[in-house]
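Spelled out from the first residue to the last, the chains are:
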Amino acid sequence: MDPGKDLSSVGRGGRLVAMGALVVALGLGTAIGNDRWWPIGPMVMFAFGVDPNSQVHSLGVEADTVAGKRVVVPLGAGGIGLERAEIEGQQTAIEAEPKRLQAVAVAASRSLPDDPRYRTVYLVDTVQQLKDGAADGAPVRKVLATWQVVDPDHPRDLS
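Since this is a predicted model, take the numbers as computed values, not measurements.

(A) Layout of the overall build of the chain. Each helix and strand counted, the chain has five helices and five strands in total. For the chain, the sequential pattern of α-helices and β-strands runs α-α-β-β-α-α-α-β-β-β. A globule of 159 residues ought to have a C-alpha radius of gyration of about 15 Å, yet the chain, at 22 Å, is considerably larger. The buried share of the chain, taken over its 159 residues, is 26%.

Spelled out as structure tokens, the structure:
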């Protein structure tokens, strides 16, 4: 049985229209889109290679809790709901205005209500030097921005 013969001309036309719309959306997403256009936005994370003798940067967020412990802030749907890509996209703005890190404390208080609240939030860049494509030495942590959370026990949005 030939699957193409079982499909009506209306069905084939519908599939062609859907495929055309997807191609146009992907083209626009690549040409003028940004990360918020996901899944049709530009795939910039795949658009470049890394020099095998350069550095790899990994942006993350850490926090000091009211319990006195330094923790890695769990990003993503299983954590505070903010994705690492969102943090990376806001890196320059966060460095210019560290108060934007207040949103991390607010998101953590909502998403992780049983965890200790954050007292201080840090934007951290972990840099790994490469040599011939392999890690060369221990990664180096660099704090790019620091924010003292407003009312750590009941953080609120400052915007």
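Past the structure itself, the notes keep going.
(B) The arrangement of helix H5 (residues 102–111) in detail. For H5, the tally of buried residues reaches seven of 10 residues, placing the bulk of the element in the interior. What H5 keeps buried is the set Gln102, Val104, Ala105, Val106, Ala107, Ala108 and Ser109. Where H5 is buried, its residues contact strand E1 (55–65), helix H3 (84–89), strand E3 (118–131) and strand E5 (140–148).

(C) Here's a closer look at the side chain of Glu62. In this fold, Glu62 is placed in strand E1. Side-chain polar atoms of Glu62 contact the side chain of Arg70, separated by 3.4 Å. Not counting the four nearest positions on each side in its chain, Glu62 is found in contact with Arg70, Val71, Val72, Val73, Thr120, Val121, Tyr122, Val124 and Arg141.

(D) Local environment of the pattern of salt bridges. With the rule as written, the count across this model stands at five salt bridges. Of the charged contacts, one joins Arg70 and Glu62 as a salt bridge, the two residues approaching to 3.4 Å between their closest N and O atoms. Here Arg70 falls in the partly exposed class, since its relative accessible area comes to 39%. Overall, the relative accessible area of 12% leaves Glu62 in the buried class. Residues joined in a network through salt bridges with shared partners are Glu62, Asp64, Arg70 and Arg141.

(E) Quick look at the pairing of E1. Inspection of the sheet shows E1 paired to E3 by 11 bridges, in the antiparallel sense. Bridge pairing in E3 places Val56 opposite Gln128. Alignment of E1 against strand E2 (residues 70–72), held across three bridges, turns out to be antiparallel. When the sheet's bridge partners are listed, Asp64 is paired in E2 with Arg70.

(F) Inspection of the nonpolar core at higher detail. Among the nonpolar cores identified, the biggest contains 19 residues, and Val104, Tyr118, Val121 and Leu123 are the most heavily contacted of them. The set of elements that each furnish at least two residues to this core consists of E1, H5, E3 and E5. Top element by residues in this core is H5. It accounts for four residues. Setting aside chain neighbours within four positions, we find Tyr118 in contact with Ala63, Asp64, Thr65, Val71, Val73, Pro74, Val104, Ala105, Ala108, Leu112, Val149 and Pro152.

Conventions used here
Residues numbered from 1 in each chain as written. Predicted model: local features only at pLDDT ≥ 70, side-chain atom pairs only at ≥ 80, totals over all residues. Heavy atoms only, no water. Helix = DSSP H or I, 4+ residues; strand = E, 2+ residues; numbered from the N terminus. Rg over C-alpha atoms; globule rule 2.2 N^0.38 Å. Buried < 20%, exposed > 50% of the residue type's maximum accessible area, 1.4 Å probe, protein only. Contact = heavy atoms within 4.5 Å. Polar contact = N/O pair within 3.5 Å; in protein donor to acceptor, adjacent residues only side chain to side chain. Salt bridge = Lys/Arg side-chain N within 4 Å of Asp/Glu carboxyl O. Pairing = 2+ DSSP bridges. Core = buried A, V, L, I, M, F, W, Y, C linked by side-chain atoms within 4.5 Å.

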